[in-house]
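In case you want the letters, here they are:
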Amino acid sequence: MTPHNEAKPGDYAEAILLPGDPLRAKWIAETFFEAPRQVNGVRGCFGYTGTWKGKPVSVQATGMGQPTLAIYVHELIHSYGMKVAIRVGTCGGLAEKVKVRDLVIAQGASTDSGIVREAFGPYGFAPLADFGLLRDAVARAEAAGLPVHVGNMVSSDIFYHADGLKAYAALIAHGALAVEMECAVLYLLAARFGIRALTICAMTDSLVTHEELSAADRQSSLIDMATLALDVAVGA
Ligand code: HPA
């Protein structure tokens, strides 16, 4: 038990998918897991454990934003033995070449988060994906013919910027692909505590072209993302 988690030691698998949305955690467990059981419901931030292709796997929602993700990830590592963490979520496109429905796999993540910026003195830390997970995810996505981009994610603490897209101008000029709100701190904590982490996001709304995903396309894109993440998580 932790302040935010009622699961018992051993209730989580070593490999855990981390969506922001609690209802997406429920959907992943109920749609994909064999024999899913709920292990956490504190604050409605659901966690489930089951198997995927016969191998143990869990899913735990992290809420929106890096401070809440940091709480769940810290506790999953220290109290529940998480070793492989794969964030699955949606992102907003920052590059024209990233179309709605495309998957963005975050090789690294740039951020305005104080959690990352203040930990390294004068140095700008580069939060990175685990290379083995990254390589595996990209190979599987390409083999499956999924539209995939690999590169720099922006993990922003601000969804509604006062100056809109201008806030990301320098990042876009340096090749940033998309924006979400959790990846950089996940990669920071993975580096700090020696676990493996990856982020796979479906692009649902472009901040550049203003394209948005229809409800039906959103669902099939989320199925591709969840299936890929589960295969990578358990090495199936
Ligand atoms: N900003 C931040 N996170 C997001 C966005 C966005 O525009 N779209 C989906 N996740």
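Let me sum up the structure you'll find in this document. All figures in this text were calculated on a predicted structure; none of them were measured in a lab.

### Let's talk about the overall build of the protein chain
Step number 1: Along its length, the protein chain carries seven helices and nine strands.
Step number 2: Computed over C-alpha atoms, the radius of gyration of the protein chain comes to 17 Å, within 12% of the 18 Å expected from 2.2 N^0.38 for 236 residues, which places it in the range of a compact globule.
Step number 3: The C-alpha extent of the protein chain, read off along each of the three principal axes, is 45 × 40 × 30 Å.
Step number 4: For the protein chain, restricting intrachain contacts to residue pairs at least 6 apart in sequence, the fraction spanning at least 24 positions comes to 77%.
Step number 5: When the accessible surface of the protein chain is totalled, it reaches about 10400 Å², and 57% of it is carbon and sulfur.
Step number 6: If you average the places of the 19 positive and of the 24 negative side-chain charges in the protein chain, the two averages end up 4 Å apart.

### Thoughts on the site of the ligand
Step number 1: In the region of the ligand, the neighbouring residues are Thr90, Cys91, Gly92, Phe159, Val179, Glu180, Met181, Asp205 and Leu207.
Step number 2: A distance of 3.3 Å separates a nitrogen atom of the ligand from a polar atom in the backbone of Gly92.
Step number 3: Take Asp205: an N or O atom from its side chain is 3.1 Å from a nitrogen atom of the ligand.
Step number 4: In the complex, 89% of the free accessible area of the ligand, which totals 260 Å², lies under the protein chains.
Step number 5: Of all the elements in the fold, those that place two or more residues in the shell around the ligand are β5 (84–93) and β8 (178–180).
Step number 6: Of the residues forming the shell around the ligand, the biggest block, three residues, is contributed by β5.
Step number 7: Residue classes in the shell around the ligand are distributed as five nonpolar, two polar and two charged.

### Some points on the nonpolar core
Step number 1: Formed by 77 residues in total, the largest nonpolar core has its most connected members in Leu17, Phe33, Ile86, Ile105, Met153, Leu198 and Ile200.
Step number 2: The contact partners of Met153, leaving out residues within four places of it in the chain, are Cys91, Val104, Ala106, Gly108, Ala109, Ser110, Ala178, Val179, Glu180, Cys183 and Cys201.
Step number 3: The next biggest cluster of nonpolar side chains, apart from the first, holds five residues, and it includes Leu94, Val154, Tyr168 and Ala176.

### Re the pairing of strand β1 (residues 15–19)
Step number 1: The buried fraction of β1 amounts to five of the five residues, a majority that puts the element mostly inside the structure.
Step number 2: Side chains of β1 alternate between two faces, with Ala15, Leu17 and Pro19 and Ile16 and Leu18 buried alike.
Step number 3: Where β1 lies against strand β4 (residues 55–60), two bridges are found, and the strand directions are parallel. Directly across from Leu17, in β4, lies its bridge partner Val59.

Parameters and conventions
Residues numbered from 1 in each chain as written. Predicted model: local features only at pLDDT ≥ 70, side-chain atom pairs only at ≥ 80, totals over all residues. Heavy atoms only, no water. Helix = DSSP H or I, 4+ residues; strand = E, 2+ residues; numbered from the N terminus. Rg over C-alpha atoms; globule rule 2.2 N^0.38 Å. Contact = heavy atoms within 4.5 Å. Areas by Shrake-Rupley, 256 points an atom, 1.4 Å probe, with all protein chains shown as cover. Lys, Arg positive; Asp, Glu negative; His and termini not counted. Charge placed at Lys NZ, Arg CZ, Asp CG, Glu CD. Near = heavy atom within 4 Å. Polar contact = N/O pair within 3.5 Å; in protein donor to acceptor, adjacent residues only side chain to side chain. Nonpolar A, V, L, I, M, F, W, Y, C, P; charged D, E, K, R; others polar. Core = buried A, V, L, I, M, F, W, Y, C linked by side-chain atoms within 4.5 Å. Buried < 20%, exposed > 50% of the residue type's maximum accessible area, 1.4 Å probe, protein only. Pairing = 2+ DSSP bridges.

Distances and angles like these do not, on their own, reveal function.
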